[in-house]
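# Reading the structure
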Amino acid sequence: SMTSQHKQDKQNKETLLSLSDLGASKFIDVYYKVMDYQRNQIANFYRPISMVEWNGKNVANNELQSLWNTIPASRHTLISVNAQPIPVLPMSSTPSIVMTVNGTVSYLGAKPAFFSQTFIIGIESVASNANGHTNDDKSSTQQYYVMSDIFRLQQDIVV
């Protein structure tokens, strides 16, 4: 129905707003909250250029949402998060950030498994005013997005 679509759009907008002006580690917190509780919003963290590898498999951008739809409901617990800026090339204005995350994840009540996930996070300027008419710096905000995402589940080692 029209109203649920409107609600969805509003929710998308709020998710995008929460991605603006966040520090990188805050970005990570929001990422896993969305992954665990609002997975239909997770695509907002990615762009058409994002490269994603999930458990050793490259995932095409247009297959991301269907991949996430097939993964059972998750609960992530973060153990360590490390951020390291990538030095800026003279040509590019904003640094990218490498984030390395280690933690545990349990899927739909299964026992937790260790995972590691490495993101390269880019920063883009987004026009803050809805119409996007002006180009002054005042009217744009910084927003983080995932350029690269490598997720690896550490399977139990059977001895």
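Residues numbered from 1 in each chain as written. Predicted model: local features only at pLDDT ≥ 70, side-chain atom pairs only at ≥ 80, totals over all residues. Heavy atoms only, no water.

## Observations concerning the overall build of the protein
- Assigned secondary structure in the protein consists of 3 helices and 6 strands.
- When the helices and strands of the protein are placed in sequence order, the string is α-α-β-β-α-β-β-β-β.
- The burial tally for the protein puts 35% of its 159 residues in the buried class.
- A separation threshold of at least 6 residues defines the contact pool for the protein, and within that pool the share at least 24 residues apart is 60%.
- Within the structure as shown, the protein displays about 10000 Å² of accessible surface, and the carbon and sulfur contribution to it stands at 58%. (Helix = DSSP H or I, 4+ residues; strand = E, 2+ residues; numbered from the N terminus. Buried < 20%, exposed > 50% of the residue type's maximum accessible area, 1.4 Å probe, protein only. Contact = heavy atoms within 4.5 Å. Areas by Shrake-Rupley, 256 points an atom, 1.4 Å probe, with all protein chains shown as cover.)

## With respect to the side chain of Ser 116
- Along the polypeptide, Ser 116 turns up in strand β5 (residues 113-127).
- Given a relative accessible area of 19%, Ser 116 falls into the buried group.
- Polar contacts involving the side chain of Ser 116 include one to the side chain of Gln 154, which spans 3.1 Å. (Polar contact = N/O pair within 3.5 Å; in protein donor to acceptor, adjacent residues only side chain to side chain.)

## Topic: the pairing of β5
- Summarising the sheet, strand β4 (residues 96-107) and β5 pair through 9 bridges and their orientation is antiparallel. Residue Gly 103 lies in a different strand from β5, and its bridge partner there is Phe 115.
- Here β5 runs beside strand β6 (residues 140-154); their pairing, made up of 14 bridges, is antiparallel. Within the sheet, the bridge partner assigned to Ser 116 lies in β6 and is Arg 152. (Pairing = 2+ DSSP bridges.)

## Description of the nonpolar core
- By size, the foremost hydrophobic cluster in this structure holds 32 residues, and its most contacted members are Ile 28, Tyr 31, Ile 42, Phe 45, Tyr 46, Trp 68 and Phe 119.
- Within the residue set of this core, elements represented by two or more residues are α2 (24-37), β1 (46-54), α3 (64-70), β4, β5 and β6.
- Residues within four places of Trp 68 in sequence aside, it is in contact with Met 35, Arg 39, Ile 42, Ala 43 and Tyr 46. (Core = buried A, V, L, I, M, F, W, Y, C linked by side-chain atoms within 4.5 Å.)

## Describing the environment of Ala 73
- By the element assignment, Ala 73 lies in the loop between α3 and β3 (74-86).
- Of the residues examined, Ala 73 reaches a relative accessible area of 40% and is grouped as partly exposed.
- Considered as a pair, Ala 73 and Met 35 are 38 residues apart in the sequence and their alpha carbons are 8.7 Å apart.
- Ignoring any residue separated from it by four or fewer positions in sequence, one finds Ala 73 in contact with Arg 39, Ser 106, Tyr 107 and Leu 108.

## A look at the sheet that holds β3
- Taking strand neighbours across the sheet as the criterion, the 6 strands line up as β2-β1-β6-β5-β4-β3 in an open arrangement whose pairing is mixed. Sheet topology places β2 (57-59) and β3 at the edges, where each strand pairs with a single neighbour. Averaged over all pairs of adjacent strands, the angle between their axes in this sheet comes to 20°, without regard to strand direction. (Axes fitted to C-alpha atoms, helices over the stretch in contact; angles between N-to-C directions.)

## Concerning the packing of aromatic side chains
- Taken as a whole, this structure holds 11 aromatic pairs when the rule is applied.
- With a centroid separation of 4.9 Å and an interplanar angle of 75°, the aromatic rings of Tyr 31 and Phe 119 are classed as edge-to-face. Highlighted residues: Tyr 31 in helix α2 and Phe 119 in strand β5, separated in sequence by 88 residues. Each member of the pair, Tyr 31 as well as Phe 119, carries the same accessibility label: buried. (Phe/Tyr/Trp six-rings, centres within 6.5 Å; stacked < 30°, edge-to-face > 60°.)

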